[in-house]
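# Chains, contacts and geometry: an overview
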Amino acid sequence: MLSLLADADAEERAIEAARGGAFDAFITSDYEAVWRALAALEANGRTFLEWGSGLGVVSLLAARRGFAAHGIELREDLVRRARALADRHGLEAEYACGSFFPDGFEPDVGLLDEDLVHGGEGADGYVELGVPLDEFDVVFGFPWPGEEELFVDLFRRAGGPHATLLLNLGRDGIRTITPGRG
Ligand SMILES: C[S@@+](CC[C@H](N)C(=O)[O-])C[C@H]1O[C@@H](n2cnc3c(N)ncnc32)[C@H](O)[C@@H]1O
């Protein structure tokens, strides 16, 4: 795992250097915290989806934990890097280029604000994956401040009834929403 994280770190530095100080919605999770949160969930081939997968490292951690891992990411350059990273470390994850908001999903307007970072438009990522959102057992997301309830709304209305949602809330840790519980 250390070599994966070191490689991911080098990738991040390359992305940062390329953008030359411009704003970028791509910031990464605390991988150690995610790794520990995944340990609490049984895997055994259950399906895992990373919303906004960026470099796809969280998906690779899930693959290491025994999940059938998937990611959806808007930016094609990041999808390419994620696939290459998985190959270099001999790990399996399916990445689709598109949006994790499925076609036809209408966000509750009360949850939208103009500074939304994850509102970007793209093709429905579930079509490329060939797996609809409600078939995933575990879904992971890293909302920006103000986006948490939008992610929860998407999960509650379009996710599977038996699924678990993991939200990385930065300094507030990881929120886990399990079936039947808030
Ligand atoms: C905060 S980063 C998280 C990266 C990674 N999941 C992690 O936790 O380390 C969010 C990523 O979501 C992507 N993104 C933003 N809106 C999206 C959307 N509607 N569908 C898919 N990806 C999106 C961004 O390009 C960015 O790479």
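Every value quoted in this text rests on a predicted model; they were computed, and no experiment measured them.

With four of five residues buried, strand E1 (residues 47-51) is to be regarded as a mostly interior element. Relative to strand E2 (residues 68-73), E1 is paired through five bridges, and the arrangement is parallel. Residue Thr47 lies in a different strand from E2, and its bridge partner there is Ala68. In this sheet, strand E4 (residues 138-141) lies alongside E1 in parallel orientation, the contact comprising three bridges. From the neighbouring strand, Glu50 faces E4, where its bridge partner is Phe140.

A few words now on the sheet that holds strand E5 (residues 164-168). Spatial ordering of the open sheet is given by E3-E2-E1-E4-E5-E6, a layout of six strands whose pairing is mixed. Each edge of the open sheet carries a strand with a single partner, namely strand E3 (93-97) and strand E6 (174-177). Here the average twist between neighbouring strands, direction ignored, is 15 degrees. On top of the sheet, helix H2 (residues 31-39) reaches E5 and E6; it is set at about 25 degrees to E6, its chief contact. Helix H3 (residues 57-64) rests against E1, E2, E3 and E4 of the sheet, and its axis sits at about 170 degrees to E2.

Time to look at the site of the ligand. The immediate surroundings of the ligand are formed by 24 residues, with Thr28, Ser29, Gly52, Gly54 and Phe142 found nearest. Residue assignment for the shell around the ligand shows that the elements contributing at least two residues are H3 and E2. Across the shell around the ligand, the residue classes tally to eleven nonpolar, ten polar and three charged.

Turning our eyes to something else, we now look at the pairing of E5. Burial within E5 is extensive, with five of its five residues counted as buried. Going residue by residue along E5, you find Thr164, Leu166 and Asn168 tucked away on one face and Leu165 and Leu167 tucked away on the opposite face as well. Bridge count for E4 against E5 is four bridges, and the pairing is parallel. Bridged to Val139 within E5 is Leu165. On the question of chirality, the crossover connecting E4 to the parallel E5 by way of helix H6 (residues 148-158) is right-handed.

It is worth spelling out the nonpolar core at this point. Leu60, Ala62, Val138 and Val139 are the most contacted members of the largest nonpolar core, which totals 42 residues. Of all the elements, H3 adds the most residues to this core, at six residues. With residues up to four places along the chain from it excluded, the contact list for Val139 reads Leu49, Trp51, Phe155, Gly159, Ala163 and Leu165.

To continue, consider the environment of Glu12. By the secondary structure assignment, Glu12 is in helix H1 (residues 2-19). When the 17 C-beta atoms within 10 Å are taken as the criterion, Glu12 is described as partly exposed. For the pair Glu12 and Leu55, spaced 43 residues apart in sequence, the C-alpha to C-alpha distance is 8.3 Å.

Conventions we followed
- Note that residues are indexed from 1 along each chain, following the sequence as it is written.
- Restriction of local features to residues with pLDDT of at least 70 applies here, the model being predicted, together with a cutoff of 80 or more for giving and counting side-chain atom pairs; totals for whole chains, interfaces and linings are based on all residues.
- Exposed residues have 12 or fewer other C-beta atoms within 10 Å of their own C-beta, buried residues have 20 or more, and partly exposed residues fall in between, where C-beta atoms are placed from the backbone.
- Only DSSP runs of H or I reaching four residues or more are called helices, and only runs of E reaching two or more are called strands; each is numbered from the N terminus.
- Paired strands, in this sense, are two strands between which DSSP finds at least two bridges.
- Axes here mean lines fitted to C-alpha atoms, for a helix over just the part in contact, with angles spanning 0 to 180 degrees between N-to-C directions.
- By the convention adopted here, residues are in contact when the distance between their C-beta atoms, placed from the backbone, does not exceed 7 Å.
- Each residue gets a C-beta atom placed from its backbone. Should that atom fall within 6 Å of a molecule or strand, the residue is termed near it.
- Each residue gets one label: Ala, Val, Leu, Ile, Met, Phe, Trp, Tyr, Cys and Pro are nonpolar, Asp, Glu, Lys and Arg are charged, and the others, such as Gly, are polar.
- Handedness is read with the strands pointing away from the viewer; a crossover is right-handed when the path from the first strand over the helix to the second is clockwise.
- Remark: nonpolar core denotes a set of buried Ala, Val, Leu, Ile, Met, Phe, Trp, Tyr and Cys residues whose joining runs through C-beta atoms within 7 Å.

What is shown is where atoms sit, not what they do.
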